[in-house]
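Analysis of the macromolecular model
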Amino acid sequence: MIYPIVAYGDPILRKRAEDIEKGTLDVKKLSADMLETLFAIPGAGLAAPQIGQAVRLFVVDARALQDDDDEDETPRPPIGKVFINPQMLETDEDEGLFEEGCLSMPGFTARIFRPVSVKIRYFDTDWNEHIDEYEDRAASVVQHEYDHLEGKLFTDYLPPLKRQLLKKKLSDITKGNVRVNYKMKFVK
């Protein structure tokens, strides 16, 4: 099932998502639907609040987690990675500048500073626990999706003046005055 993406301005994007208790939600079905949605758009990642679900789950196209140094230009099919109840364990003090966009804010990208490496604990759809470390672009993608679960958006990291300059564009998104090639759900 392909979900519509919740647009900027919906309160669910500013709410801290709730942990998922094992057995209370079909995480395999939800994850599969979220990956289908992500690959249809396409994007690097998708968090549950972006489809209207206030739970701590996000999915990432694993190609976005590969080393930037990978020179192989052969197209690869999308492969999903699921993060359930993630918990950020460590972030590097060193920061890098990363270009980010968001499916909930189409047509807008910005360069923001984020830690260049992270260590994260999470569960997969079989409830196996994992602890992984990511660097550079992969770290940026993981942090971006994790922030959605915390009720944060990448625009929160922009300087106040830049945020002020974006108000009209973000207001247009809230009102549905945006062209996208995927279904969106706007605030009414």
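Residues numbered from 1 in each chain as written. Predicted model: local features only at pLDDT ≥ 70, side-chain atom pairs only at ≥ 80, totals over all residues. Heavy atoms only, no water.

Turning our eyes to something else, we now look at the packing of aromatic side chains. Taken as a whole and judged by the stated rule, the model has five aromatic pairs. Between Phe-58 and Phe-83, the aromatic rings sit 4.5 Å apart at their centres with planes inclined by 15°, giving stacked as the arrangement. Of this pair, Phe-58 sits in strand E3 (residues 57-61) while Phe-83 sits in strand E4 (residues 80-91), placing them 25 residues apart in sequence. The exposure classification of Phe-58 matches that of Phe-83, with both residues buried. (Phe/Tyr/Trp six-rings, centres within 6.5 Å; stacked < 30°, edge-to-face > 60°. Helix = DSSP H or I, 4+ residues; strand = E, 2+ residues; numbered from the N terminus. Buried < 20%, exposed > 50% of the residue type's maximum accessible area, 1.4 Å probe, protein only.)

The next point concerns the nonpolar core. Core analysis: the biggest nonpolar cluster contains 37 residues, and Ile-5, Met-34, Leu-46, Leu-57, Val-59 and Met-105 have the highest contact counts within it. Broken down by secondary-structure element, the contributors of at least two residues to this core are strand E1 (5-6), helix H1 (27-40), E3, E4, strand E6 (105-115) and helix H4 (167-175). For Val-59, the contacting residues outside a window of four places in its chain are Ser-31, Met-34, Leu-35, Leu-38, Gly-45, Leu-46, Lys-81 and Val-82. (Core = buried A, V, L, I, M, F, W, Y, C linked by side-chain atoms within 4.5 Å. Contact = heavy atoms within 4.5 Å.)

Taken together, the five strands give an open sheet; going across it, the order is E2-E3-E4-E7-E8, and neighbouring strands pair in antiparallel fashion. Strands at the two margins of the open sheet, each flanked by one partner only, are strand E2 (45-47) and strand E8 (129-135). With direction set aside, neighbouring strand axes in the sheet form an average angle of 40°. When E2 meets E3, the two strands line up antiparallel, connected through three bridges. Looking at the pairing, Leu-46 lines up with Val-59 of E3. (Pairing = 2+ DSSP bridges. Axes fitted to C-alpha atoms, helices over the stretch in contact; angles between N-to-C directions.)

To continue, consider the pairing of E6. With eight bridges joining them, strand E5 (residues 95-102) and E6 adopt antiparallel strand pairing. Paired with Glu-95 across the two strands is Pro-115, which belongs to E6. Connecting E5 to the antiparallel partner E6 that follows it, the hairpin turn spans two residues.

An α-helical turn contains 3.6 residues, so any two residues separated by three or four positions project in the same direction. The end-to-end C-alpha separation of helix H2 (residues 136-150) is 21 Å, in line with the 21 Å expected for 15 residues at 1.5 Å each. The buried count for H2 comes to 12 of 15 residues, which makes it a mostly enclosed element. Of all the residues in H2, the buried ones are Ala-138, Ala-139, Ser-140, Val-141, Val-142, Gln-143, His-144, Glu-145, Tyr-146, Asp-147, His-148 and Leu-149. Two residues or fewer past H2, Gly-151 is found with a positive phi of approximately 80°. (Expected span 1.5 Å × (residues − 1).)

With that out of the way, let us pick up the confidence of the model for the protein chain. Averaged over all residues, the pLDDT of the protein chain is 92; the fraction at 70 or higher stands at 94%. Taking the mean pLDDT of every element in the protein chain, the minimum, 88, falls on helix H3 (residues 160-165) and the maximum, 98, on strand E7 (residues 117-123). (pLDDT = per-residue confidence, 0-100.)

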